[in-house]
Amino acid sequence: MKTYQVGIIGATGMVGQRFATLLENHPWFQVKCLAASARSAGKTYKEAVGSRWAMKTPMPAAMADMVVLDATADMEKIAGMVDFVFCAVDMKKDEIRALEEAYAKLECPVVSNNSAHRGTPDVPMIVPELNADHVKVIPFQRKRLGTKRGFVAVKSNCSLQSYVPALFPLSGFGVEKALVCTYQAISGAGKTFETFPDIIDNVIPYIGGEEEKSEQEPLKIWGHVDEEKGVIVNADSPAFTAQCLRVPVSDGHMAAVFASFKNKPSKEEILSCWKNFSGRAQELQLPSAPKQFLHYFEEDNLPQTKLQRDLEGGMAISIGRLREDTQYDYKFVCLSHNTLRGAAGGAVLMAELLCAEGYMD
Ligand SMILES: NC(=O)c1ccc[n+]([C@@H]2O[C@H](COP(=O)([O-])OP(=O)(O)OC[C@H]3O[C@@H](n4cnc5c(N)ncnc54)[C@H](OP(=O)(O)O)[C@@H]3O)[C@@H](O)[C@H]2O)c1
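What you see is a predicted model; the values in this text were computed from it and never measured. For every chain, the first residue of the written sequence is number 1, and numbering continues from 1 along that sequence. A pLDDT threshold of at least 70 governs which residues receive local features in this predicted model, and a stricter bar of 80 or more applies before side-chain atom pairs are shown or counted, although totals over entire chains, interfaces and linings include all residues.

Placing a C-beta atom from the backbone of each residue, we mark the residue near a molecule or strand if the atom is within 6 Å of it. Gly13, Ala36, Ser37, Ser40 and Gly190 are the nearest of the 28 residues found near the ligand. Among the secondary structure elements, those contributing two or more residues to the shell around the ligand are α1 (14-23) and α13 (340-356). The helix count covers DSSP runs of H or I at least four residues long, the strand count covers runs of E at least two residues long, and both are numbered beginning at the N terminus. No other element matches α1, which puts three residues into the shell around the ligand. Across the shell around the ligand, the residue classes break down as ten nonpolar, 16 polar and two charged. When residues of the shell around the ligand are assigned to domains, at least three map to each of domain 1 (4-157 + 343-356) and domain 2 (160-337). Each residue gets one label: Ala, Val, Leu, Ile, Met, Phe, Trp, Tyr, Cys and Pro are nonpolar, Asp, Glu, Lys and Arg are charged, and the others, such as Gly, are polar. Boundaries of every domain are those given by an automatic assignment or by a domain database.

Here it is as structure tokens:
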């Protein structure tokens, strides 16, 4: 595989820092430039991040002295330097939509962590193990944008990266409805215990916009590319209802799931589906793909956030406590690392898929 030059837009933020650490020794991707707001532009990465560095490993030495560029003012320069950019910025949605499309129109593909374009019908929202075939919508988006190689591809919300991977492989039984309660880490809000002391010894029962995303975004993943209309048509089912809580955990989103099926499977059939499930990411042996996507734990007290969140580099999903329910067919719990699988890691994996499928050439 050839080497791709990449940029990180929003490099100083929580997700941007995660991109920097994940890309440090990436076999295909080489970080050529870092960009953020005008507040950081002109400073070295080390100066711009300052005390905000929240990763457990040190800042990559090769990036520490890179001068941070202005994501908007230096856009043409950045687009000319790289093969594509990763983007994770804290801006208004319409500003993000405009920024990402502007990069795409400069023929610089954008792999985005932001939610702004998730509802755009010709923008694929890909979990590489589940709906890799949605890349087929990219030529239609390029046509709309008037580009040859530029496009935007997005990652889904971090909350659903635990329960959607567990339910999707059971589609053959007709997943009718699912109720999920998520227990979400503070890094999902770009916070640490130092910057968010109110969460210590506390649970906050509201995360703005999260329940809507948790209920609606799965239907795009279950959707299909309509090649006549050139868009992704969302599925009508499963019906999701969600409650999302912020809990005093640094990293790792847990979900308690209740699900009912058109044709109720046996417990053994569910376990077998999970054990044997793999997707395009495993087939292509993408560098960031977990060997085993779904891990089931038999122990009653597993998975635990602290013990399992880093499984397979934080890219695998942990599931446990599958049992029958009195009101739904089954209930179980599942866990994913929100800033790895749920954010930067999932975006890096999606970028690997897009490269392997020829969309970055
Ligand atoms: N944290 C997660 O687990 C997670 C998961 C999934 C998705 N996301 C999404 O990823 C995005 C970033 O989240 P985060 O947690 O990394 O936020 P964050 O820590 O607050 O970082 C925000 C980044 O955006 C940059 N930025 C702000 N205004 C900008 C502007 N006008 N132009 C260019 N860059 C600008 C900041 O640069 P300065 O340092 O220069 O201000 C910083 O690099 C958000 O859309 C969020 O919803 C986050």
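There is more to say after this.
Along its sequence, the chain is organised into domain 1 (4-157 + 343-356) and domain 2 (160-337). Computed from C-alpha coordinates alone, the two centres of domain 1 and domain 2 are separated by 24 Å. In this assembly, 31 residues from domain 1 lie in contact with 29 residues from domain 2. It is α13 that provides the largest number of residues to the side of domain 1 that touches domain 2, a total of seven residues. Taken together, the residues of the side of domain 1 that touches domain 2 sort by class into 17 nonpolar, eight polar and six charged. Once C-beta atoms have been placed from the backbone, residue pairs whose C-beta atoms lie within 7 Å are recorded as contacts.

This next bit is on the pairing of strand β2 (residues 29-36). Exposure classes come from backbone-placed C-beta atoms, where a residue is buried if 20 or more other C-beta atoms lie within 10 Å of its own, exposed if 12 or fewer do, and partly exposed in between. Of all eight residues that make up β2, six are buried, and the element is covered over most of its length. Two elements, strand β1 (residues 4-9) and β2, share six bridges in a ladder whose sense is parallel. From the neighbouring strand, Tyr4 faces β2, where its bridge partner is Phe29. We call a crossover right-handed when, viewed with the strands running away from us, the connection from the first strand over the helix to the second turns clockwise. Assessed by its sense of winding, the connection that carries the chain from β1 through α1 to β2 is right-handed. Any two strands between which DSSP finds at least two bridges are classified as paired. As defined by bridge partners, β2 adjoins strand β3 (residues 69-70) across two bridges and the pair is classed as parallel. Within β3, the position partnered with Ala36 by the bridge is Asp70.

Right, let's talk about the sheet that holds β1 for a bit. Read from one edge of the open sheet, six strands run β3-β2-β1-β4-β5-β6, paired in parallel fashion. The open sheet terminates on both sides in strands that have one partner only, identified here as β3 and β6 (152-154). Contacting β1, β2 and β4 (84-87), α1 crosses the sheet at an angle of about 160 degrees to β1. Only the stretch in contact is used when a helix axis is fitted, and all axes are lines through C-alpha atoms; the angle between N-to-C directions ranges over 0 to 180 degrees. Each of β4, β5 (110-112) and β6 touches helix α5 (residues 93-105); the most contacted strand, β5, lies at about 155 degrees to it.

Here we come to the nonpolar core. Buried Ala, Val, Leu, Ile, Met, Phe, Trp, Tyr and Cys residues form a nonpolar core when they are connected through C-beta atoms within 7 Å. Grouped together as the largest cluster of nonpolar side chains are 106 residues, with contacts concentrated most on Phe19, Ala35, Val85, Phe86, Tyr163, Val257 and Cys334. In terms of residues, this core owes the most to one element, α13, which gives twelve residues. Three or more residues apiece are contributed to this core by two domains, here domain 1 (4-157 + 343-356) and domain 2 (160-337). Once residues within four sequence positions are removed from consideration, Phe19 is found in contact with Ile8, Ala11, Phe86, Ala88 and Ala344.

Attention now moves to α1. One turn of an α-helix holds 3.6 residues; hence residues three or four places apart share an orientation. For α1, a buried count of nine out of ten residues is recorded, marking the element as mostly surrounded by other parts of the structure. Those residues of α1 lying buried are Met14, Val15, Gly16, Gln17, Arg18, Phe19, Ala20, Leu22 and Leu23. Of the surrounding secondary structure, the elements contacted by the buried residues of α1 are β1, β2, α2 (45-49), α3 (61-64), β4 and α13.

Before going further, it helps to spend a moment on unusual backbone geometry. Of the consecutive residues Ser237 and Pro238, the connecting peptide bond is found in the cis state with omega at 10 degrees. Along the polypeptide, Pro238 turns up in the loop between β9 (231-233) and β10 (239-246). In this chain, Leu302 is followed by Pro303 through a cis amide linkage whose omega measures 0 degrees. Looking at the element boundaries, Pro303 is found in the loop between β12 (294-297) and α11 (305-308). Notably, Gln285 is not glycine yet its phi reads approximately 50 degrees, a positive angle.

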